[in-house]
Amino acid sequence: FILLADEGGEMAKAYGVLRDWKLVKIAARQSFIVNPEGLIVKHYEDVDPETHTQEVLADLEFLMKNKKA
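Everything numeric here is computed off the predicted structure, so don't read it as measured data.

Caption draft 1: Spatial organisation of a nonpolar patch on the surface. Residues Trp-21, Leu-23, Val-24 and Ile-26 make up a contiguous nonpolar surface patch of roughly 500 Å² in combined accessible area. Note that Ile-26 resides in strand S2 (residues 25–27).

Caption draft 2: Fine view of the environment of Asp-6. Looking at the element boundaries, Asp-6 is found in the segment before helix H1 (10–14). Here the alpha-carbon distance between Asp-6 and Ala-27, two residues 21 residues apart in the chain, equals 9.7 Å. Leaving out residues up to four positions away in the same chain, Asp-6 has contacts with Met-11 and Ala-12. Here the side chain of Asp-6 touches Met-11 through a polar contact of 3.1 Å, landing on its backbone nitrogen. Reaching out from Asp-6, the side chain makes a polar contact with the backbone nitrogen of Ala-12 at a distance of 2.8 Å.

Caption draft 3: Here's a closer look at the environment of Asp-46. Within the secondary structure, Asp-46 sits in the loop between strand S4 (40–44) and helix H2 (52–65). Asp-46 sits in the exposed class, given a relative accessible area of 72%. C-alpha of Asp-46 to C-alpha of Ser-31: the two residues are 15 residues apart in sequence and 8.7 Å apart in space.

Rules used in this analysis
- Residues numbered from 1 in each chain as written.
- Predicted model: local features only at pLDDT ≥ 70, side-chain atom pairs only at ≥ 80, totals over all residues.
- Heavy atoms only, no water.
- Patch = residues over 30% accessible without salt bridge, like charges linked within 9 Å, V, L, I, M, F, W, Y side chains within 5 Å.
- Areas by Shrake-Rupley, 256 points an atom, 1.4 Å probe, with all protein chains shown as cover.
- Salt bridge = Lys/Arg side-chain N within 4 Å of Asp/Glu carboxyl O.
- Helix = DSSP H or I, 4+ residues; strand = E, 2+ residues; numbered from the N terminus.
- Contact = heavy atoms within 4.5 Å.
- Polar contact = N/O pair within 3.5 Å; in protein donor to acceptor, adjacent residues only side chain to side chain.
- Buried < 20%, exposed > 50% of the residue type's maximum accessible area, 1.4 Å probe, protein only.

Such coordinate-based values are descriptive only and should not be taken to indicate function.
Now the structure itself:
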């Protein structure tokens, strides 16, 4: 899988997660699953670092089992 390093904040702005606090711009902690066609198939707005990995893995497994052939 591909991870994106968004050093300039362009993707955070495009995804609507960039927060502008006058002196600093920071991306909200949110995650997205993007399918091979480039479509967002899952958006996690509330990310709990304690459980997020398990949640994403379960959703990926579900998506892989239920993808159209």
